[in-house]
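# Commentary on secondary and tertiary structure
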Amino acid sequence: MNDNFHILIVDDETEILSSIKRMFHTSAYVIYGVSTGEDALNFLCTHKVHLVVLDMRLPESDGLSLLEIIKMRQPEIIVLILTGYATVQDAVRATHIGAADFIEKQYLSEHLPKRIEQFHRLWLLDRENERLRQELAEKHKHGTIAGNSTVMLSLKETISRIGKTDTSVLVMGKTGTGKELVAREIHYQSPRASAPFVAVDCAAINESTLESELFGHVKGAFTGAHAVHEGLIPAADGGTLFFDEIGELPIAAQAKLLRSIQEREIRPVGSTKTKAVDIRVVAATNRNLQAEVEQGNFREDLFYRLNVIALEIPPLRKRGDDVILLFRFFLRQFFLKREMPLIDVEVFDILKQYSWPGNVRELQNVAGHVAAFAQGSRITRSDVPAKLLEATEMNNHSEPVTMEDQERSAILNALALTGGNRRAAAKKLKIGVATLYRKLKKYNI
(Lines give C-alpha, C1' and ligand atoms only; values in the text may rest on other atoms or scores of the structure.)
Protein backbone atom coordinates (compact mmCIF):
# COMPACT_ATOMS: atom_id res chain seq x y z
CA MET A 1 0.00 0.00 0.00
CA ASN A 2 2.73 2.47 0.97
CA ASP A 3 4.86 1.79 -2.12
CA ASN A 4 2.13 2.12 -4.76
CA PHE A 5 0.49 5.11 -6.40
CA HIS A 6 -3.28 4.79 -5.96
CA ILE A 7 -5.55 6.15 -8.69
CA LEU A 8 -9.35 6.43 -8.67
CA ILE A 9 -11.16 6.62 -12.03
CA VAL A 10 -14.59 8.28 -11.82
CA ASP A 11 -16.47 7.69 -15.10
CA ASP A 12 -19.85 6.15 -15.97
CA GLU A 13 -18.55 4.74 -19.29
CA THR A 14 -17.38 1.18 -18.61
CA GLU A 15 -15.23 1.24 -21.76
CA ILE A 16 -13.28 4.23 -20.43
CA LEU A 17 -12.71 2.46 -17.11
CA SER A 18 -11.54 -0.70 -18.86
CA SER A 19 -9.32 1.26 -21.25
CA ILE A 20 -7.51 3.11 -18.46
CA LYS A 21 -7.01 -0.07 -16.46
CA ARG A 22 -5.49 -1.76 -19.54
CA MET A 23 -3.06 1.15 -19.94
CA PHE A 24 -1.54 0.48 -16.53
CA HIS A 25 -2.11 -3.20 -15.88
CA THR A 26 1.63 -3.95 -15.78
CA SER A 27 2.62 -0.83 -13.80
CA ALA A 28 3.10 -0.18 -10.09
CA TYR A 29 -0.14 1.83 -10.05
CA VAL A 30 -3.21 0.58 -8.18
CA ILE A 31 -6.31 1.46 -10.20
CA TYR A 32 -9.84 1.71 -8.76
CA GLY A 33 -13.02 2.59 -10.66
CA VAL A 34 -16.43 3.98 -9.73
CA SER A 35 -19.23 5.30 -11.94
CA THR A 36 -20.94 8.02 -9.87
CA GLY A 37 -20.00 11.06 -7.86
CA GLU A 38 -21.62 9.65 -4.74
CA ASP A 39 -19.58 6.43 -5.03
CA ALA A 40 -16.44 8.48 -5.52
CA LEU A 41 -16.95 10.49 -2.32
CA ASN A 42 -17.78 7.37 -0.33
CA PHE A 43 -14.67 5.63 -1.71
CA LEU A 44 -12.43 8.56 -0.79
CA CYS A 45 -13.72 8.44 2.78
CA THR A 46 -12.41 4.91 3.27
CA HIS A 47 -9.42 4.60 0.91
CA LYS A 48 -6.10 6.38 0.45
CA VAL A 49 -5.98 7.84 -3.05
CA HIS A 50 -3.21 9.95 -4.57
CA LEU A 51 -4.79 10.89 -7.91
CA VAL A 52 -8.35 11.07 -9.23
CA VAL A 53 -9.21 10.92 -12.94
CA LEU A 54 -12.63 12.61 -13.03
CA ASP A 55 -15.15 12.72 -15.87
CA MET A 56 -16.67 16.16 -16.44
CA ARG A 57 -20.11 14.69 -17.11
CA LEU A 58 -21.49 12.21 -14.59
CA PRO A 59 -25.03 10.89 -14.03
CA GLU A 60 -26.87 12.93 -11.41
CA SER A 61 -23.80 15.08 -10.67
CA ASP A 62 -21.51 17.71 -12.15
CA GLY A 63 -17.82 16.84 -12.43
CA LEU A 64 -16.70 20.35 -11.51
CA SER A 65 -18.89 20.39 -8.40
CA LEU A 66 -17.39 17.04 -7.41
CA LEU A 67 -13.90 18.45 -8.05
CA GLU A 68 -14.65 21.34 -5.70
CA ILE A 69 -15.77 18.96 -2.92
CA ILE A 70 -12.69 16.74 -3.33
CA LYS A 71 -10.27 19.69 -3.20
CA MET A 72 -12.07 21.13 -0.18
CA ARG A 73 -11.97 17.86 1.76
CA GLN A 74 -8.60 16.50 0.59
CA PRO A 75 -6.60 19.26 -1.13
CA GLU A 76 -3.50 17.02 -1.41
CA ILE A 77 -5.22 14.76 -3.97
CA ILE A 78 -4.24 15.40 -7.60
CA VAL A 79 -7.30 15.64 -9.90
CA LEU A 80 -7.24 15.24 -13.71
CA ILE A 81 -10.43 16.19 -15.56
CA LEU A 82 -11.66 14.10 -18.52
CA THR A 83 -14.18 15.43 -21.01
CA GLY A 84 -15.63 14.60 -24.37
CA TYR A 85 -16.86 18.17 -24.83
CA ALA A 86 -13.96 20.49 -24.10
CA THR A 87 -14.59 24.22 -23.79
CA VAL A 88 -12.21 27.00 -22.82
CA GLN A 89 -14.59 28.13 -20.08
CA ASP A 90 -14.71 24.66 -18.51
CA ALA A 91 -10.93 24.34 -18.63
CA VAL A 92 -10.44 27.72 -16.96
CA ARG A 93 -12.99 26.96 -14.26
CA ALA A 94 -11.53 23.49 -13.59
CA THR A 95 -8.03 24.94 -13.25
CA HIS A 96 -9.32 27.69 -10.98
CA ILE A 97 -10.97 25.16 -8.67
CA GLY A 98 -7.81 23.10 -8.45
CA ALA A 99 -7.64 20.59 -11.31
CA ALA A 100 -4.07 19.66 -12.26
CA ASP A 101 -4.94 19.14 -15.94
CA PHE A 102 -7.79 18.95 -18.46
CA ILE A 103 -7.70 16.06 -20.97
CA GLU A 104 -10.05 15.40 -23.91
CA LYS A 105 -11.18 11.78 -24.15
CA GLN A 106 -10.26 11.55 -27.83
CA TYR A 107 -6.59 12.02 -26.80
CA LEU A 108 -6.84 9.81 -23.72
CA SER A 109 -4.33 7.11 -24.71
CA GLU A 110 -1.85 9.70 -25.91
CA HIS A 111 -1.91 12.18 -22.99
CA LEU A 112 -3.14 10.37 -19.87
CA PRO A 113 -0.21 7.94 -19.36
CA LYS A 114 2.33 10.76 -19.72
CA ARG A 115 0.54 13.05 -17.27
CA ILE A 116 0.03 10.30 -14.69
CA GLU A 117 3.71 9.34 -15.00
CA GLN A 118 4.69 12.98 -14.36
CA PHE A 119 2.51 13.23 -11.26
CA HIS A 120 3.76 9.86 -10.05
CA ARG A 121 7.33 11.17 -10.25
CA LEU A 122 6.37 14.27 -8.27
CA TRP A 123 4.73 12.05 -5.66
CA LEU A 124 7.87 9.92 -5.39
CA LEU A 125 9.95 13.08 -5.02
CA ASP A 126 7.67 14.33 -2.23
CA ARG A 127 8.00 10.95 -0.49
CA GLU A 128 11.78 11.10 -0.74
CA ASN A 129 11.85 14.67 0.61
CA GLU A 130 9.68 13.60 3.53
CA ARG A 131 11.97 10.65 4.22
CA LEU A 132 14.99 12.97 4.24
CA ARG A 133 13.19 15.40 6.56
CA GLN A 134 12.43 12.54 8.96
CA GLU A 135 16.04 11.34 8.80
CA LEU A 136 17.27 14.84 9.56
CA ALA A 137 14.83 15.18 12.43
CA GLU A 138 15.89 11.80 13.86
CA LYS A 139 19.58 12.53 13.38
CA HIS A 140 19.34 15.83 15.19
CA LYS A 141 16.64 14.86 17.71
CA HIS A 142 19.18 14.73 20.52
CA GLY A 143 21.46 17.37 19.00
CA THR A 144 24.93 17.11 17.51
CA ILE A 145 26.54 19.32 20.16
CA ALA A 146 28.41 17.17 22.69
CA GLY A 147 28.46 18.26 26.30
CA ASN A 148 26.67 17.61 29.59
CA SER A 149 27.97 20.55 31.60
CA THR A 150 25.41 22.96 33.00
CA VAL A 151 26.38 25.74 30.59
CA MET A 152 26.11 23.45 27.57
CA LEU A 153 22.79 21.93 28.62
CA SER A 154 21.45 25.48 28.96
CA LEU A 155 22.82 26.38 25.52
CA LYS A 156 21.23 23.30 23.92
CA GLU A 157 17.89 24.10 25.54
CA THR A 158 18.05 27.64 24.13
CA ILE A 159 18.91 26.32 20.66
CA SER A 160 15.94 23.95 20.82
CA ARG A 161 13.63 26.89 21.55
CA ILE A 162 14.93 29.36 18.99
CA GLY A 163 15.39 26.73 16.29
CA LYS A 164 11.65 26.67 15.69
CA THR A 165 11.57 30.41 15.02
CA ASP A 166 12.82 32.31 11.97
CA THR A 167 14.63 35.02 13.92
CA SER A 168 18.17 36.22 13.20
CA VAL A 169 20.76 34.90 15.65
CA LEU A 170 24.20 36.22 16.62
CA VAL A 171 26.53 33.51 17.93
CA MET A 172 29.46 34.81 19.99
CA GLY A 173 32.47 32.92 21.23
CA LYS A 174 36.23 32.58 21.12
CA THR A 175 37.94 30.97 18.14
CA GLY A 176 37.55 27.20 18.20
CA THR A 177 34.50 27.04 20.47
CA GLY A 178 32.25 25.59 17.75
CA LYS A 179 30.23 28.56 16.49
CA GLU A 180 29.49 26.96 13.14
CA LEU A 181 28.37 23.75 14.85
CA VAL A 182 25.87 25.80 16.88
CA ALA A 183 24.68 27.55 13.71
CA ARG A 184 24.13 24.22 11.98
CA GLU A 185 22.23 22.89 14.98
CA ILE A 186 19.93 25.94 14.86
CA HIS A 187 19.33 25.17 11.18
CA TYR A 188 18.64 21.45 11.78
CA GLN A 189 16.17 22.25 14.57
CA SER A 190 14.23 24.62 12.29
CA PRO A 191 11.51 24.05 9.67
CA ARG A 192 14.26 24.84 7.12
CA ALA A 193 16.23 21.68 8.01
CA SER A 194 15.78 20.03 4.59
CA ALA A 195 16.77 23.24 2.74
CA PRO A 196 20.37 24.45 2.18
CA PHE A 197 22.72 25.56 4.95
CA VAL A 198 25.26 27.88 3.33
CA ALA A 199 28.30 29.06 5.26
CA VAL A 200 30.09 32.28 4.32
CA ASP A 201 33.63 32.74 5.66
CA CYS A 202 33.73 36.54 5.79
CA ALA A 203 37.45 36.57 6.60
CA ALA A 204 38.37 34.47 3.55
CA ILE A 205 36.48 36.31 0.80
CA ASN A 206 38.56 38.74 -1.27
CA GLU A 207 37.15 42.27 -0.88
CA SER A 208 37.35 42.93 -4.63
CA THR A 209 35.12 39.94 -5.44
CA LEU A 210 33.03 39.96 -2.26
CA GLU A 211 29.90 41.46 -3.81
CA SER A 212 29.93 38.92 -6.64
CA GLU A 213 30.52 36.07 -4.17
CA LEU A 214 27.56 37.13 -2.04
CA PHE A 215 25.01 38.35 -4.58
CA GLY A 216 26.16 36.60 -7.76
CA HIS A 217 26.73 38.19 -11.15
CA VAL A 218 25.36 38.04 -14.68
CA LYS A 219 27.38 37.03 -17.70
CA GLY A 220 29.58 39.90 -18.88
CA ALA A 221 29.18 41.88 -15.65
CA PHE A 222 32.94 42.44 -15.55
CA THR A 223 36.11 41.17 -17.16
CA GLY A 224 36.27 37.44 -16.65
CA ALA A 225 32.55 37.00 -15.98
CA HIS A 226 32.08 34.41 -18.73
CA ALA A 227 29.02 32.81 -17.18
CA VAL A 228 26.23 33.51 -14.71
CA HIS A 229 27.30 33.03 -11.07
CA GLU A 230 24.52 32.33 -8.55
CA GLY A 231 26.15 33.75 -5.41
CA LEU A 232 26.12 32.49 -1.83
CA ILE A 233 22.99 34.37 -0.69
CA PRO A 234 20.66 33.06 -3.43
CA ALA A 235 22.21 29.59 -2.96
CA ALA A 236 20.73 29.61 0.55
CA ASP A 237 17.22 30.46 -0.67
CA GLY A 238 14.69 28.67 1.52
CA GLY A 239 17.36 27.73 4.05
CA THR A 240 19.87 29.26 6.45
CA LEU A 241 22.74 31.62 5.59
CA PHE A 242 25.59 31.52 8.09
CA PHE A 243 28.07 34.42 8.20
CA ASP A 244 31.18 33.19 10.00
CA GLU A 245 33.26 35.99 11.56
CA ILE A 246 30.81 38.66 10.45
CA GLY A 247 33.04 41.28 12.06
CA GLU A 248 35.52 40.85 9.20
CA LEU A 249 32.98 42.03 6.61
CA PRO A 250 33.96 45.43 5.06
CA ILE A 251 31.70 48.40 5.82
CA ALA A 252 30.60 48.77 2.18
CA ALA A 253 29.47 45.14 2.03
CA GLN A 254 27.70 45.51 5.38
CA ALA A 255 25.38 48.16 3.91
CA LYS A 256 24.41 45.94 0.98
CA LEU A 257 23.95 42.92 3.22
CA LEU A 258 21.67 44.92 5.52
CA ARG A 259 19.48 45.89 2.58
CA SER A 260 19.25 42.27 1.42
CA ILE A 261 18.18 41.11 4.88
CA GLN A 262 15.62 43.91 5.26
CA GLU A 263 14.14 43.73 1.76
CA ARG A 264 14.58 39.96 1.33
CA GLU A 265 15.96 40.50 -2.15
CA ILE A 266 19.32 40.76 -3.90
CA ARG A 267 20.58 42.29 -7.15
CA PRO A 268 23.37 40.35 -8.89
CA VAL A 269 26.37 42.36 -10.07
CA GLY A 270 25.71 43.69 -13.57
CA SER A 271 21.95 43.11 -13.41
CA THR A 272 19.20 45.72 -13.37
CA LYS A 273 16.70 43.29 -11.81
CA THR A 274 16.30 42.21 -8.20
CA LYS A 275 15.64 38.66 -7.07
CA ALA A 276 13.60 37.68 -4.02
CA VAL A 277 15.33 35.45 -1.47
CA ASP A 278 13.92 33.65 1.57
CA ILE A 279 16.72 33.14 4.10
CA ARG A 280 17.28 32.92 7.82
CA VAL A 281 20.48 34.66 8.89
CA VAL A 282 22.77 33.32 11.60
CA ALA A 283 26.02 35.22 12.16
CA ALA A 284 29.03 34.45 14.32
CA THR A 285 31.89 36.51 15.68
CA ASN A 286 34.83 36.27 18.06
CA ARG A 287 34.89 40.05 18.36
CA ASN A 288 33.00 42.41 20.63
CA LEU A 289 30.67 43.81 17.97
CA GLN A 290 29.24 46.40 20.33
CA ALA A 291 32.75 47.83 20.75
CA GLU A 292 33.28 47.59 16.98
CA VAL A 293 30.12 49.66 16.48
CA GLU A 294 31.33 52.30 18.93
CA GLN A 295 34.67 52.48 17.09
CA GLY A 296 32.95 52.85 13.71
CA ASN A 297 34.15 49.51 12.38
CA PHE A 298 30.70 47.89 12.21
CA ARG A 299 27.34 49.32 11.18
CA GLU A 300 25.03 49.87 14.12
CA ASP A 301 21.88 49.12 12.10
CA LEU A 302 23.30 45.79 10.88
CA PHE A 303 24.40 44.90 14.42
CA TYR A 304 20.87 45.35 15.77
CA ARG A 305 19.39 43.50 12.79
CA LEU A 306 21.63 40.49 13.55
CA ASN A 307 21.54 40.70 17.33
CA VAL A 308 17.86 39.83 17.74
CA ILE A 309 18.86 36.72 19.69
CA ALA A 310 22.40 36.47 21.07
CA LEU A 311 24.04 33.18 22.03
CA GLU A 312 27.40 33.00 23.75
CA ILE A 313 29.39 29.78 23.62
CA PRO A 314 31.48 29.24 26.73
CA PRO A 315 35.22 28.53 26.37
CA LEU A 316 36.24 24.91 26.89
CA ARG A 317 37.94 25.65 30.22
CA LYS A 318 34.53 26.54 31.68
CA ARG A 319 32.84 23.34 30.54
CA GLY A 320 34.10 21.03 33.30
CA ASP A 321 34.01 17.33 32.48
CA ASP A 322 32.95 18.04 28.88
CA VAL A 323 36.70 18.02 28.18
CA ILE A 324 36.79 14.27 28.87
CA LEU A 325 33.60 13.58 26.95
CA LEU A 326 34.83 15.48 23.88
CA PHE A 327 38.29 13.95 24.06
CA ARG A 328 36.83 10.44 23.95
CA PHE A 329 34.45 11.49 21.15
CA PHE A 330 37.33 12.73 18.99
CA LEU A 331 39.47 9.69 19.81
CA ARG A 332 36.70 7.34 18.64
CA GLN A 333 36.75 9.13 15.30
CA PHE A 334 40.50 8.56 14.96
CA PHE A 335 40.19 4.90 16.01
CA LEU A 336 37.34 3.97 13.67
CA LYS A 337 39.38 1.24 11.96
CA ARG A 338 41.18 -0.13 15.00
CA GLU A 339 40.37 -0.92 18.59
CA MET A 340 40.50 2.08 20.89
CA PRO A 341 42.96 1.66 23.78
CA LEU A 342 42.14 2.23 27.44
CA ILE A 343 43.02 5.67 28.81
CA ASP A 344 45.02 6.15 31.99
CA VAL A 345 43.33 8.28 34.63
CA GLU A 346 46.42 10.50 34.65
CA VAL A 347 45.69 11.52 31.05
CA PHE A 348 42.25 12.77 32.09
CA ASP A 349 43.84 14.76 34.91
CA ILE A 350 46.23 16.40 32.45
CA LEU A 351 43.40 17.31 30.08
CA LYS A 352 41.30 18.82 32.88
CA GLN A 353 44.15 20.95 34.24
CA TYR A 354 45.02 22.49 30.87
CA SER A 355 43.48 25.90 30.10
CA TRP A 356 42.64 25.17 26.42
CA PRO A 357 43.30 28.57 24.81
CA GLY A 358 42.40 27.03 21.43
CA ASN A 359 39.16 25.59 22.82
CA VAL A 360 37.43 22.58 21.20
CA ARG A 361 39.49 22.84 18.02
CA GLU A 362 42.70 22.51 20.03
CA LEU A 363 41.27 19.54 21.91
CA GLN A 364 40.48 17.82 18.61
CA ASN A 365 44.09 18.38 17.49
CA VAL A 366 45.36 16.94 20.77
CA ALA A 367 43.17 13.86 20.28
CA GLY A 368 44.69 13.44 16.81
CA HIS A 369 48.19 13.71 18.28
CA VAL A 370 47.42 11.12 20.96
CA ALA A 371 45.90 8.73 18.41
CA ALA A 372 49.01 9.01 16.24
CA PHE A 373 51.46 8.36 19.09
CA ALA A 374 49.49 5.77 21.06
CA GLN A 375 51.06 2.30 21.04
CA GLY A 376 49.72 -0.86 22.59
CA SER A 377 46.57 -1.26 24.65
CA ARG A 378 46.80 1.91 26.79
CA ILE A 379 47.03 5.66 26.29
CA THR A 380 49.44 7.15 28.80
CA ARG A 381 50.96 10.56 29.61
CA SER A 382 53.81 9.79 27.18
CA ASP A 383 51.27 10.06 24.31
CA VAL A 384 50.15 13.54 25.37
CA PRO A 385 51.70 16.66 23.68
CA ALA A 386 54.58 18.20 25.64
CA LYS A 387 52.88 21.59 26.07
CA LEU A 388 50.05 19.96 28.05
CA LEU A 389 52.53 18.13 30.28
CA GLU A 390 54.46 21.35 30.93
CA ALA A 391 51.26 23.20 31.83
CA THR A 392 50.25 20.37 34.17
CA GLU A 393 53.61 20.42 35.93
CA MET A 394 53.26 24.17 36.53
CA ASN A 395 49.78 23.64 37.98
CA ASN A 396 51.00 20.80 40.17
CA HIS A 397 53.66 23.03 41.72
CA SER A 398 51.05 25.59 42.67
CA GLU A 399 48.10 23.32 43.54
CA PRO A 400 48.63 19.61 44.36
CA VAL A 401 46.00 17.07 43.31
CA THR A 402 43.95 15.84 46.28
CA MET A 403 42.77 12.30 47.02
CA GLU A 404 39.24 13.43 46.18
CA ASP A 405 40.42 14.64 42.77
CA GLN A 406 42.01 11.25 42.12
CA GLU A 407 38.91 9.39 43.27
CA ARG A 408 36.65 11.53 41.09
CA SER A 409 38.92 10.94 38.07
CA ALA A 410 38.91 7.17 38.72
CA ILE A 411 35.10 7.16 38.75
CA LEU A 412 34.91 9.19 35.52
CA ASN A 413 37.37 6.85 33.84
CA ALA A 414 35.43 3.76 34.96
CA LEU A 415 32.18 5.24 33.64
CA ALA A 416 33.86 6.13 30.36
CA LEU A 417 35.29 2.62 29.97
CA THR A 418 31.89 1.01 30.62
CA GLY A 419 29.90 3.39 28.41
CA GLY A 420 28.13 4.91 31.42
CA ASN A 421 26.97 1.55 32.85
CA ARG A 422 27.05 2.25 36.60
CA ARG A 423 26.84 -1.38 37.71
CA ALA A 424 29.77 -2.32 35.46
CA ALA A 425 31.69 0.78 36.60
CA ALA A 426 31.20 -0.18 40.25
CA LYS A 427 32.52 -3.66 39.51
CA LYS A 428 35.58 -2.20 37.79
CA LEU A 429 36.21 0.10 40.77
CA LYS A 430 35.66 -2.86 43.13
CA ILE A 431 33.03 -1.04 45.16
CA GLY A 432 29.32 -1.59 45.71
CA VAL A 433 26.71 -0.01 43.45
CA ALA A 434 25.22 1.89 46.41
CA THR A 435 28.67 3.24 47.28
CA LEU A 436 29.15 4.38 43.68
CA TYR A 437 25.80 6.19 43.73
CA ARG A 438 26.79 8.05 46.90
CA LYS A 439 30.09 9.10 45.34
CA LEU A 440 28.37 10.21 42.12
CA LYS A 441 26.15 12.46 44.22
CA LYS A 442 29.12 13.66 46.30
CA TYR A 443 31.16 14.66 43.23
CA ASN A 444 28.11 15.94 41.28
CA ILE A 445 28.78 13.53 38.40
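Above this text is the structure in question.
Now for a look at the structure at hand. Keep in mind the model is a prediction, meaning the values are calculated, not measured.

Our next topic: helix H10 (residues 251-263). For H10, spanning 13 residues, the distance from its first C-alpha to its last is 19 Å, which sits close to the expected 18 Å at 1.5 Å a residue. The complete set of buried residues in H10 reads Ala 253, Gln 254, Leu 257, Leu 258, Ser 260 and Ile 261. When H10 is viewed along its axis, its buried side chains cluster within an angular range of 165 degrees and face the same direction. Of the residues one or two after H10, Arg 264 is the one with positive phi, at around 55 degrees.

Let us now look at the pattern of salt bridges. Under the defined criterion, the tally for this structure stands at 24 salt bridges. In this structure, the salt-bridge partner of Glu 13 is Lys 105, at a minimum N-O distance of 2.8 Å. Here Glu 13, found in the loop between strand E1 (5-10) and helix H1 (14-23), pairs with Lys 105, found in the loop between strand E7 (101-104) and helix H5 (108-139); they are 92 residues apart in sequence, far enough to count as distant. Here Asp 278 and Arg 264 are joined by a salt bridge, their closest N and O atoms 3.4 Å apart. Here the residue Asp 278 occupies a position in the loop between strand E12 (275-276) and strand E13 (280-285), and Arg 264 occupies one in the loop between H10 and strand E11 (265-266), the gap between them amounting to 14 residues. With relative accessibility at 35%, the residue Asp 278 sits in the partly exposed group. Connected via shared salt-bridge partners are Asp 11, Glu 13, Asp 55 and Lys 105.

Now for the environment of Ala 100. Assignment of secondary structure puts Ala 100 in the loop between helix H4 (88-97) and E7. On the basis of relative accessibility, which here comes to 33%, the residue Ala 100 falls in the partly exposed class.

What counts, and at which threshold
- The written sequence of each chain sets the order in which its residues are numbered from 1.
- In keeping with the model being predicted, local features are shown solely for residues with a pLDDT of at least 70 and side-chain atom pairs are shown and tallied solely at 80 or more, while totals for entire chains, interfaces and linings include all residues.
- For the side-chain quantities, the full set of heavy atoms in the structure was used; hydrogens and water were omitted.
- Helix and strand definitions follow DSSP, with helices as H or I runs of at least four residues and strands as E runs of at least two, each counted in order from the N terminus.
- To estimate how far a helix should reach, multiply one less than its number of residues by 1.5 Å.
- Exposure is judged per residue with a 1.4 Å probe applied to protein chains only, and the accessible area is read against the type maximum: over 50% gives exposed, under 20% gives buried, and values in between give partly exposed.
- What the arc measures is the spread of directions leading from the helix axis to the C-beta atoms.
- A carboxyl oxygen of Asp or Glu within 4 Å of a side-chain nitrogen of Lys or Arg is what we treat as a salt bridge.

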